[in-house]
Amino acid sequence: MKKKLWLSAIVAAVVLASCAKKADLGGHQEAAQKVYVAPGEHDEFYGFMSGGFNGQLGIYGLPSGRHLYTVPIFSQAPVNGYGYSEETKDMLKTSYGFIPWGDAHHPELSQTDGVPDGRWLFINENNTPRIARVDLKTFRTDEIIEIPNSAGNHASSFVTMNTEYVSAATRFSVPVDGGNKDVAIDSYKENFGGTITFVKVSQEGHMNIEFQLLVPGFNYDLSHAGKGISDGWAFFTTYNTEQAHTLLEINASQADKDFIAAINWKKAVEYVKSGKGKKMSGLHTVNHFDHKKGTAVSELRKEVITLNPKDNPGIIYFLPTPKSPHGVDVDPSGRFIVGGGKLATVLPVHSFEKMIKAIEDKAFEGEAGGIPILKYDAVIHAEVENPGLGPLHTEFDGKGFAYTTAFLSSEVVKWSLETFEVVDRIDTYYSPGHLMIPGGDSRKPWGKYLVVLNKITKDRYLPTGPELFHSAQLIDISGDKMKLLLDFPTEGEPHYAQGIAAEIIKNNQVRFFPLADNGHEWAAKSEKETEVIRKGNVVHVKMTSIRSHFMPDNIEGIKVGDEVYFHVTNLEQDWDLPHGFSILGNNNAELLIMPGETLTIKWTPTREGIFPFYCTDFCSALHQEMQGYIRVSAKNSNTPIKFNSPK
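Residues numbered from 1 in each chain as written. Predicted model: local features only at pLDDT ≥ 70, side-chain atom pairs only at ≥ 80, totals over all residues. Heavy atoms only, no water.

1. Quick word on the overall build of the protein chain
Within the protein chain one finds six helices and 46 strands. Relative to the compact-globule value of 26 Å for 647 residues, the protein chain shows a C-alpha radius of gyration of 28 Å, a close match. Referenced to the eigenvectors of the C-alpha coordinate spread, the extents of the protein chain come out at roughly 100 × 85 × 45 Å. Across the 647 residues in the protein chain, those meeting the buried criterion constitute 58%. Sequence separation of 24 or more characterises 61% of the internal contacts of the protein chain that already satisfy a separation of 6 or more. (Helix = DSSP H or I, 4+ residues; strand = E, 2+ residues; numbered from the N terminus. Rg over C-alpha atoms; globule rule 2.2 N^0.38 Å. Buried < 20%, exposed > 50% of the residue type's maximum accessible area, 1.4 Å probe, protein only. Contact = heavy atoms within 4.5 Å.)

2. Here's the deal with a negative patch on the surface
On the surface, a cluster of negative charge is contributed by Glu365, Asp377, Glu383 and Glu385. With respect to the secondary-structure elements, Asp377 resides in helix H6 (residues 376-379). Here Asp377 falls in the exposed class, since its relative accessible area comes to 67%. (Patch = residues over 30% accessible without salt bridge, like charges linked within 9 Å, V, L, I, M, F, W, Y side chains within 5 Å. Areas by Shrake-Rupley, 256 points an atom, 1.4 Å probe, with all protein chains shown as cover. Salt bridge = Lys/Arg side-chain N within 4 Å of Asp/Glu carboxyl O. Lys, Arg positive; Asp, Glu negative; His and termini not counted. Charge placed at Lys NZ, Arg CZ, Asp CG, Glu CD.)

3. Some remarks on the environment of Phe581
Counting through the fold element by element, Phe581 comes out in strand E41 (residues 579-583). Sequence-wise, Phe581 and Pro514 are 67 residues apart; in three dimensions their C-alpha atoms are separated by 20 Å. What Phe581 contacts, discounting residues up to four positions off in sequence, is Met543, Phe550, Phe566, Val568, Glu590, Leu591, Ile593, Ile601, Phe613, Tyr614 and Thr616.

4. Remarks on the pairing of strand E36 (residues 531-535)
As paired strands, E36 and strand E37 (residues 538-546) are joined by five bridges and run antiparallel to one another. Bridged to Arg534 within E37 is Val539. (Pairing = 2+ DSSP bridges.)

5. Topic: the confidence of the model for the protein chain
Per-residue pLDDT for the protein chain averages 94, and the proportion of residues at 70 or more is 96%. Confidence drops under a pLDDT of 50 for residues 1-25, and excluding neighbours within four residues, the segment shows zero contacts in the predicted structure. (pLDDT = per-residue confidence, 0-100.)

6. Overview of the pairing of strand E24 (residues 364-368)
For E24 and strand E25 (residues 371-374), the ladder comprises four bridges, and the chain directions are antiparallel. Looking across to E25, one finds that Phe364 is bridged to Leu374. Taken together, E24 and the strand that follows it, E25, pair antiparallel across an intervening segment of two residues, in which Gly369 is found at a positive phi of about 60°.

7. Focus: the side chain of Thr237
Structurally, Thr237 is set in strand E16 (residues 233-239). The residues contacting Thr237, other than those within four sequence positions of it, are Asn219, Tyr220, Asp221, Leu222, Phe259, Ile260, Pro325, His326, Gly327 and Val328.

8. Digging into the environment of Ser478
Along the chain, the position of Ser478 falls in the loop between strand E33 (470-476) and strand E34 (483-490). Taking the C-alpha atoms as reference points, Ser478 and Gly447, 31 residues apart in sequence, are found 6.9 Å from one another. Look past the residues within four positions of Ser478 in its chain and what remains in contact with it is Lys399 and Lys448. A distance of 2.6 Å separates the side chain of Ser478 from the side chain of Asp476, its partner in a polar contact. (Polar contact = N/O pair within 3.5 Å; in protein donor to acceptor, adjacent residues only side chain to side chain.)

9. Considerations on the pattern of salt bridges
In total, this model carries 27 salt bridges according to the counting rule given. Taking the shortest distance from any N to any O, the salt bridge between Glu563 and Lys602 comes out at 4.0 Å. Linking Glu563 in strand E40 (residues 563-570) with Lys602 in strand E43 (residues 598-603), this pair joins segments that are 39 residues apart in sequence. Here Lys602 falls in the partly exposed class, since its relative accessible area comes to 26%. Each of the salt bridges in this network shares a partner with another, and the network as a whole consists of Glu30, Lys34, Asp476 and Lys483.

10. Here we look at the packing of aromatic side chains
The full count for this structure, using the stated rule, is 30 aromatic pairs. Here the aromatic rings of Phe259 and Phe318 are separated by 4.7 Å at their centres, their planes lie at 10°, and the arrangement is stacked. Pair noted here: Phe259 is in strand E17 (residues 257-264) and Phe318 is in strand E20 (residues 316-322), with a separation of 59 residues, a long-range link. Overall, Phe259 belongs to the buried group, its relative accessible area being 10%. In this structure Phe318 comes out as buried when scored by relative accessible area, which is 1%. Through a chain of ring-to-ring contacts, three or more aromatic side chains come together here, namely Phe550, Phe566, Phe581, Trp603, Phe611 and Phe613. (Phe/Tyr/Trp six-rings, centres within 6.5 Å; stacked < 30°, edge-to-face > 60°.)

11. A few points about unusual backbone geometry
Excluding glycine, a negative phi dihedral is what most residues carry, and trans is how most peptide bonds are arranged. Note the cis peptide between Ser156 and Ser157, where omega equals 0°. Position of Ser157 relative to the elements: it lies in the loop between strand E9 (140-146) and strand E10 (158-159). With omega at -5°, the peptide bond leading from Tyr429 into Tyr430 counts as cis. Inspection of the secondary structure puts Tyr430 in the loop between strand E30 (422-427) and strand E31 (432-436).

12. Observations regarding the sheet that holds strand E45 (residues 627-633)
Spatial ordering of the open sheet is given by E42-E41-E44-E45-E39-E46, a layout of six strands whose pairing is mixed. The open sheet has two edge strands with one neighbour each: strand E42 (591-593) and strand E46 (642-643). Across two bridges, the pairing between E41 and strand E44 (residues 609-614) is antiparallel. Paired with Ile583 across the strands is Phe613, a residue of E44.

Take a look at the structure:
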């Protein structure tokens, strides 16, 4: 009897445990259903997340959180040879030389009438100041422009309402007058200055620095352009208005208020067109990919046009903003400018209409560097109470609500644009920086999901030693209450993200490059055009790849110390059929060549012998057979060039 009771107790315990698990599953069932994307189906949104210190751009599907692709931008990428191939090396040229790494922070989608249009994505590089443009038909980096007279390109890259301009501002002020020169660091207040740069974007997407504004030597942090009634203006947060140069965590946190710089960029353009601008030294590169030639081209420019607000009034006004503001965000109507004072106890909401009236009334409380400071009470519309500890960034759902991250209290706070009261809050895991609502910084947010980008992961995923990827969390904002749906890890350190409905982009994708349009100097558009050409100690190999062989696949007559350029053309004309190329002992990277494309890798053999090469991308059932051999002879040998060819 006791045995039966004992067995019954065990069964009951198992049943209860099973029921508990089912109940727990039921509690997450709704969230699981909302993020589930069935096999073969597509996500509703693209999510574009900066890679931070990996220098790249991560592409994620939403709501699934699936990592779809990484776009190489400011850092070399061995996965496909970007920055290693002869065609892409020039994309990473700067006035400092070849820079193979970058720190990518803030992606921004191109806009038409203040709405993301799916043409391009711009992203900044913080360390060696640059802005890149990614073509969203190919998800490739098409152009990179360097920003001179700047250091720490953080308040970048933010577009105006119709992508007339993309802007950038220096995070670290440096000696600007006469170029970055050798001065004592403790002469900061006398010699250091900042710049705010407006880069003109042509209809084709080409970028050119139209002018730089010379501004006081503060730290310029983030930006957003106006929209709607505030179109023609752009707003930049500043901190370190104390102009400290050491231990900024203490010395740049003294003032109760710093500033948001309100810039009338349309007025600045008028000044430039009327000849008010002055030329100043500004060494910088402009790198773009020439699609006709199939290779990148780099141009070095030496000057920029500058405007000094002291000599050109009405360009800039300072809005006092508590305290050490980080983000500055403009609501969909363009009426409200929200400053994320990360050391403030309130969230300040400035009024654009009040700002214009204050300017007209000359409601100034002083000036800084010749720039008028507007009175706080004259421009403030409301202060959101209890916004969490360490408010940083705000985005909007298009339904009358704003959402702000609180870094220290690890939460997202939802508040009303009508009453300016907090209506909901949700915990995050952990320490959120930026957040993203698809279209959330535009005139027409989609307002369905919110992605919060957390700086600390800790226990969210299986541990991977001391280094953990950061955490993105997907939150449902379709109802009155925010609901956490999903965690997913992200590459690098995403600082900011953008989102757009997938239908705007996905049907415009380039699937392969027409072979007939290949204008590369060394393209072989058929196997009959393949050849090996020696010019002194330089050898050019015009090679083709197709399932499942290279032509030629046996080459002799290469000598130790030769500079060998393999120009490989992928003859395929079908989607998703790349071919790789790798050779034993090469000291840079492989190539990954898309259908119809030609790419080049340089190889310098250092010893004699037989060197195999092969396709690195599994392309067919006979992929393993896709290989070849290079014979390398002594430097002074007389071995003639010899290769197989269908000629």
